[in-house]
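Notes for the structure review
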Amino acid sequence: MQGRPPRTDQGRAAALVGLGETETGKVYGRTARDFAAEAVRRAAADAGLRLADLDGLLVASGLRHDLDLTLANALGLTDLRLLSQVNAFGATAGAMVQYAAEAVLSGAAVAVACVFADAPLRPGKSTGVAYSTDRPLPPGLPGLRAAAGVFGVNTLYALAARRHMEAYGTTSEQLGAIAVQQRAWAVHNPRAQMRDPLTLADHQASRWIAEPLHLLDCCLVSNGGTAVIVTSPERAADLPAAPVYIWGYGQGHPGNRYMRGSDFGLRTGAAAAGPAALAMAGIGLDDIGMLQLYDCYTFTVLVTLEDYGFCKKGEGGDLAASGILGPGGSLPTNTGGGQLSASYLWGMTPLAEAVNQLRGRAEPERLVRDVDFAMVSGNGGILDHHSTLILSGHDRRTAGRP
Amino acid sequence: MTAPAPGPPGAPILRRTPADAPFFDAAARGELLIRGCPACAYALPMDAYACPHPEHPPGADGLGWLPASGRGTLVSWSSVHRAPHPAFAGQVPYTIALVELDEGPWLEARLVGADPAGLRAGLRLRAAFVHPADPADGESFPVFAPDHPTPDHPTPLATGDPAP
């Protein structure tokens with residue numbers, strides 16, 4: 001894949017021209033709105049744009065729903081032509097970039113900021129408490145699963161992962177291999193929350209959350225914000241920063257019904273979104289030099305690798321255990337440590353890592369060189385919603401031409 | 001099929017709504033109802049609002065209640081070690097099951113009377129019901145246990161504390 005020229009294409013690809021990342025992790029005393037405002041300001045400055053140059057804003061909040069359209073007022077943005085909240089759960093980041101790309105290519109807007117920020121962590125409270133809930137049960141039938149103790153995402157992803165294990169023989173050690181390889185990347189990422197090297201024995205010894213998920217199968221919880229600026233390729237050419245072009249995108253929402261014949265835990269929306277994004281980009285899996293995969297759990301990475309087609313269905317465990325995802329491997333994946341080891345910003349983590357890598361902005365130990373295309377995923381619900389982006393440093397208008 | 005046992009101590013209180021009163025009235029009798037289509041008797045998940053069958057005329061997709069056998073098979077399970085809600089802190093570790101009812105819909109429920117280490121997908125299961133002793137403690141709800149096929153091995157009844 002390296003050095004292979006991208007396919008010539010007649011199309012235009014929208015450009016990511018700015019990235020703004022706040023301090024992330026156990027950063028206290030700031031609200032989601034504070035983080036979001038800083039992230040947008042940083043992203044605009046990174047793009048060489050004034051805030052007044054923005055004519056679109058897409059806003060995404062975390063579970064606390066504490067960020068909304070009033071962010072535009074707080075930033076002093078006036079006369080916007082595009083302003084909405086976007087929520088596709090964990091698939092939001094990719095969906096926002098898709099909608100922004102479509103807006104700038106259609107002329108509905110010129111420069112659109114997409115921002116996510118969250119502040120669930122509180123001083124003196126454990127990380128797990130941040131997302132646990134003591135709300136009363138929903139009344140009626142929706143309360144049945146909660147009354148059984150099926151409450152929150154950990155228990156549901158545990159059911160999904162166990163089903164995959166039963167169907168295909170996937171093991172906890174194979175899930176652990178994903179955690180270990182991502183940590184090996186995080187060791188070289190100064191911004192990562194978890195940087196101590198990790199062994200498979202460490203993973204196996206970490207406490208159970210909900211079997212078969214150990215603590216080290218689960219993502220972090222983070223405070224912080226990230227924003228990107230999307231504009232047209234023509235506008236991008238006038239800006240100082242190196243653009244990252246959005247060659248393809250796709251979404252998959254399979255609508256698995258909770259009944260006989262369901263693919264729950266076995267196949268996800270990635271199986272539709274990945275091929276759609278690749279087809280739009282006009283490339284194949286062999287052209288992908290780097291993966292930034294949404295990793296709310298190790299299992300999510302494994303099943304996404306299968307659904308994208310990097311191995312046959314059911315062989316994701318073997319692929320993960322082969323070691324090719326980590327530093328020096330042939331399929332560099334989650335090269336900043338991902339949401340398991342770096343920080344959890346709801347799909348903005350893999351997106352920002354892809355942008356940084358394609359711009360060469362990573363420590364030498366973890367910089368992946370000569371990548372033509374990166375594939376970025378988002379996953380939401382219990383593997384219910386998926387978004388894929390194909391990103392490249394190559395301008396699609398001229399790529400492949402002399 | 002009923003178990004005269006209180007709900008798990010500290011369990012969040014399960015309340016009915018007018019729309020699902022038939023379900024909870026049946027649960028109190030030890031009977032399991034599921035959502036289904038009156039026109040085609042098609043059983044649907046508990047969160048369904050409409051029958052997707054393409055042959056119904058427009059507007060004829062409303063659902064009603066169907067009796068279920070209370071028997072099914074194990075699709076997946078988890079032993080939960082970290083309480084996902086403060087009310088479950090005294091119950092961990094406990095085991096949850098994803099059950100495929102013989103009629104087709106899936107239900108999540110507490111799994112009782114089984115050693116989690118010996119579980120496999122496909123295990124035959126049978127519903128039992130937890131009946132709170134005091135109506136103030138909420139509605140009856142189903143739990144599942146391994147289905148033993150002979151009268152010599154009756155289904156273990158739900159207990160006050162399903163945790164092993």
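Counting restarts for each chain: residues are numbered from 1 in the order of the written sequence. Whichever chain is written first is A, and whichever ligand is written first is 1; the rest continue in order. Confidence filtering applies because this is a predicted model: local features only for residues at pLDDT of at least 70, side-chain atom pairs given and counted only at 80 or more, and all residues used for totals across whole chains, interfaces and linings.

**Some words on helix 6 (residues 152-168) of chain A**
All names here are of chain A. Our working rule: Runs of E in the DSSP output that reach at least two residues are strands. Runs of H or I that reach at least four are helices, and both are numbered from the N terminus. Given a helix with a known number of residues, its expected span is that number minus one, times 1.5 Å. Three exposure classes are used, all based on how many other C-beta atoms lie within 10 Å of a residue's own C-beta (placed from the backbone): buried at 20 or more, exposed at 12 or fewer, and partly exposed between those limits.
For helix 6, with 17 residues, the first-to-last C-alpha span of 25 Å sits near the 24 Å given by 1.5 Å per residue. The buried fraction of helix 6 amounts to 13 of the 17 residues, a majority that puts the element mostly inside the structure. Note on helix 6: the residue one or two positions beyond its end, Gly169, has a positive phi of about 80°.

**Quick notes on the interface of chain B and chain A**
Formally: We call two residues in contact when the distance between their C-beta atoms, placed using the backbone, is within 7 Å. Three classes are used, and their members are as follows: Ala, Val, Leu, Ile, Met, Phe, Trp, Tyr, Cys and Pro are nonpolar, Asp, Glu, Lys and Arg are charged, and the others, Gly among them, are polar.
Listed as interface residues are 38 residues of chain B and, on the opposing side, 37 residues of chain A. The set of elements that each furnish at least two residues to the side of chain B that touches chain A consists of strand 5 (71-80), strand 6 (94-101) and strand 7 (106-110) of chain B. Ranked by residues supplied to the side of chain B that touches chain A, first place goes to strand 5 of chain B with six residues. Looking at the side of chain B that touches chain A residue by residue, the class counts come to 23 nonpolar, eight polar and seven charged.

**Concerning the UniProt feature "domain: Thiolase C-terminal" (unreviewed entry) in chain A**
Keep this limit in mind: UniProt positions are given in the numbering used here, feature names are shortened, and annotations may be inferred rather than shown by experiment.
UniProt annotation of "domain: Thiolase C-terminal" (unreviewed entry) refers to residues 251-392 of chain A when read in the numbering used here. Within the segment residues 251-392 of chain A, helix and strand shares are 31% and 16% respectively, and the terminal C-alpha atoms sit 19 Å apart.

**As for the domain arrangement of chain B**
Residue and element names in this part refer to chain B. Where we set the bar: Where each domain begins and ends follows an automated or database-derived domain assignment.
For chain B, the assigned domains are domain 1 (1-20 + 69-164) and domain 2 (33-67). Taken together, the six residues of domain 1 in the interface contact five residues of domain 2. Residues of the side of domain 1 that touches domain 2, tallied by class, amount to four nonpolar, one polar and one charged.

**Remarks on the pairing of strand 11 (residues 385-392) of chain A**
Residue and element names in this part refer to chain A. We apply this condition: Any two strands with at least two DSSP-identified bridges between them are counted as paired.
Taken across its eight residues, strand 11 has eight buried, putting it largely inside the fold. Here strand 11 shows two buried faces, one formed by His385, Ser387, Leu389 and Leu391 and the other by His386, Thr388, Ile390 and Ser392. In this sheet, strand 11 lies alongside strand 8 (residues 244-252) in antiparallel orientation, the contact comprising seven bridges. Counted as the bridge partner of Gly250 is Thr388 from strand 11. Both strand 10 (residues 373-380) and strand 11 contribute to a ladder of seven bridges, which runs antiparallel. Across the sheet, Val376 pairs through a bridge with Leu389, a residue of strand 11. Counting the residues that bridge the hairpin from strand 10 to strand 11 gives four residues, and of these Gly381 lies at a positive phi of roughly 65°.

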